[in-house]
Amino acid sequence: MITINQEKCIGCGLCAADCSIGNIMIKDKKAVSKNDCFHCGHCVAICPSGAVSIPEYDMDGVEEYEKESFCLEPEKLLHSIKFRRSVRSYKPVKVQREELEKLLQAGRYTATAKNNQDCHFVFVQDELYRLKEMVWEYIDEMEKREGRNIARELLPYVAFNRRRKKDPKDDYLFRNAPVVLFITSDWPLDAGLAAQNIENMAVSSGLGVLYNGYLARIAEANEELKQWLGIKGKTIKACMLLGYPERIYARTAPRKEANVIWK
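Predicted model only: the values in this text are computed from it and were never measured.

### Details of empty space enclosed by the protein
- Here the structure, examined in full by the defined rule, presents 2 cavities of 30 Å³ or more.
- Its boundaries defined by the atoms lining it, the largest cavity holds a volume of some 100 Å³.
- The wall of the largest cavity is formed by 15 residues, among which Cys19, Cys37, Cys40, Gly41 and Cys43 lie closest to the centre.
- Listing elements by their share of the lining of the largest cavity, those giving two or more residues are α1 (14–18) and α2 (42–46).
- Taken together, Cys9, Ile10, Gly11, Cys12, Gly13, Cys15, Ala31, Cys47, Pro48, Ser49, Ala51 and Val52 make up the full set of residues lining the second largest cavity.
- Considering only residue class, the lining of the second largest cavity consists of 9 nonpolar, 3 polar and no charged.

In structure tokens, the structure reads:
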């Protein structure tokens, strides 16, 4: 439930005006919560006196707004977006837990449909060897089981596996990245939004990212793997490879003219 400290409340009405479902009203010059809501947190964020809280949430993570440290310069942000590359070659360097925590927070604070906050984030680094074993074993079993009747969309995995067996350094599916991140969500867009914020944070930390649809699909099909990951019953909607880029680019890459309609 929304909790409003009546002693701190100054009755300004900002929380009531900003509540999208009309859950807060002003009564006797004080804000009161009428019913339970979906806890978007707008009332907490807008209250000038800090009177509102949501006890079920992590209130210690709430920060006071400071323009200088909270605002991004538009030109720098656009440059960062334009300069990002899909990284397919990584340095053999471990990514420290503190850096991964920053990525987690970027994903955690991303908007979700109806504020469901139901994205699950699974970072695999220390046990990456086991993840790879389970993926390759699954592909081996799939090829033996299906034989020549294997579905066309599964043929790339057979090719990846054969390349790996011929040359263990030819790691086309995992790209020798030190970290794999899986994101699950029950809503189509949530995982993608979280992944984009995570990528922006990764780039700002000197990390590189590759969205890996191949790995996402084969992991989603492997129920044993999902159970090992701790996401049984969840749906993998995004998979990202993470690590420090082996190559540094000298400029942004060109793009086609924008498909845009102005009215």
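### Description of the packing of aromatic side chains
- Applying the stated criterion to the full structure yields 6 aromatic pairs.
- Both rings, one in Phe160 and one in Tyr214, keep their centres 5.1 Å apart while their planes meet at 85°; by these two values the pair is edge-to-face. Linking Phe160 in helix α7 (residues 155–166) with Tyr214 in helix α9 (residues 213–221), this pair joins segments that are 54 residues apart in sequence.
- With a relative accessible area of 6%, Phe160 lands in the buried category.
- Aromatic rings pair up to connect Tyr157, Phe160, Tyr172 and Tyr214 into one cluster.
- Above the ring of Tyr172, the side-chain terminus of Arg175 is found at 4.0 Å from the ring centroid.
- The side chain of Arg217 reaches across the aromatic face of Tyr214, ending 5.2 Å from its centre.

### As for helix α8 (residues 190–204)
- Relative to the 21 Å expected for 15 residues at 1.5 Å per residue, α8 spans 22 Å between its end C-alpha atoms, a close match to the ideal helical length.
- Asp190, Ala191, Ala194, Ala195, Ile198, Glu199 and Ala202 are the residues of α8 that are buried. Down the axis, α8 shows its buried residues gathered within 160° of arc, on one side only.
- On its buried face, α8 sits against α5 (97–108), β5 (120–124), β6 (179–184), β7 (208–211) and β8 (236–243).
- Looking one or two residues beyond α8, the residue adopting positive phi is Gly206, at roughly 85°.

### A few points about the state of the cysteines
- In total, this model carries 0 disulfides according to the counting rule given.
- Take Cys12: it sits in no disulfide, and the sulfur closest to it among the cysteines is that of Cys15, at 6.1 Å.
- Lacking any disulfide linkage, Cys47 is separated from the closest cysteine sulfur, that of Cys12, by 6.1 Å.
- Judged by its relative accessible area of 17%, Cys47 falls in the buried class.

### So, the pairing of strand β3 (residues 30–33)
- Pairing geometry for strand β2 (residues 24–27) and β3, over 4 bridges, is antiparallel. Among the inter-strand pairings, Ile24 is bridged to a residue of β3, identified as Ser33.
- Between β2 and β3, which pair antiparallel one after the other, the connecting turn spans 2 residues, and Asp28 there sits at a positive phi close to 55°.

### What to know about the sheet that holds β7
- Read from one edge of the open sheet, 4 strands run β5-β6-β8-β7, paired in antiparallel fashion. At either end of the open sheet lies a strand with only one pairing partner, and these are β5 and β7. The average angle at which neighbouring strand axes cross in this sheet is 25°, direction not considered.
- With 6 bridges connecting them, β6 and β8 associate as antiparallel partners. Its bridge partner lying in β8, Phe182 is registered against Cys239.
- Lying over the sheet, α5 contacts β5, β6 and β8, oriented at roughly 160° with respect to β5.
- Along the sheet face, α9 touches β6, β7 and β8 and points at about 130° away from the line of β8.

### Here's the deal with the side chain of Asp171
- Summarising the element assignment, Asp171 is placed in the loop between α7 and β6.
- Residue classification places Asp171 among the buried residues on the basis of a relative accessible area of 8%.
- Of note is the side chain of Asp171, whose polar atom sits 3.4 Å from the backbone nitrogen of Phe174.
- Not counting residues up to four positions away in its chain, the partners in contact with Asp171 are Lys132, Trp136 and Asn176.

Rules and cut-offs
- Residues numbered from 1 in each chain as written.
- Predicted model: local features only at pLDDT ≥ 70, side-chain atom pairs only at ≥ 80, totals over all residues.
- Heavy atoms only, no water.
- 1 Å grid on protein atoms, 1.4 Å probe; cavity = no way out; pocket = protein on both sides within 12 Å on 5 of 7 lines; lining within 4 Å.
- Points joined across faces, edges and corners; volume = space filled by probe spheres on them.
- Helix = DSSP H or I, 4+ residues; strand = E, 2+ residues; numbered from the N terminus.
- Nonpolar A, V, L, I, M, F, W, Y, C, P; charged D, E, K, R; others polar.
- Phe/Tyr/Trp six-rings, centres within 6.5 Å; stacked < 30°, edge-to-face > 60°.
- Buried < 20%, exposed > 50% of the residue type's maximum accessible area, 1.4 Å probe, protein only.
- Lys NZ or Arg CZ within 6 Å of the ring centre and 35° of its normal.
- Expected span 1.5 Å × (residues − 1).
- Arc of directions from axis to C-beta.
- Contact = heavy atoms within 4.5 Å.
- Disulfide = S-S within 2.5 Å.
- Pairing = 2+ DSSP bridges.
- Axes fitted to C-alpha atoms, helices over the stretch in contact; angles between N-to-C directions.
- Polar contact = N/O pair within 3.5 Å; in protein donor to acceptor, adjacent residues only side chain to side chain.

The analysis is restricted to geometry; functional conclusions fall outside its scope.
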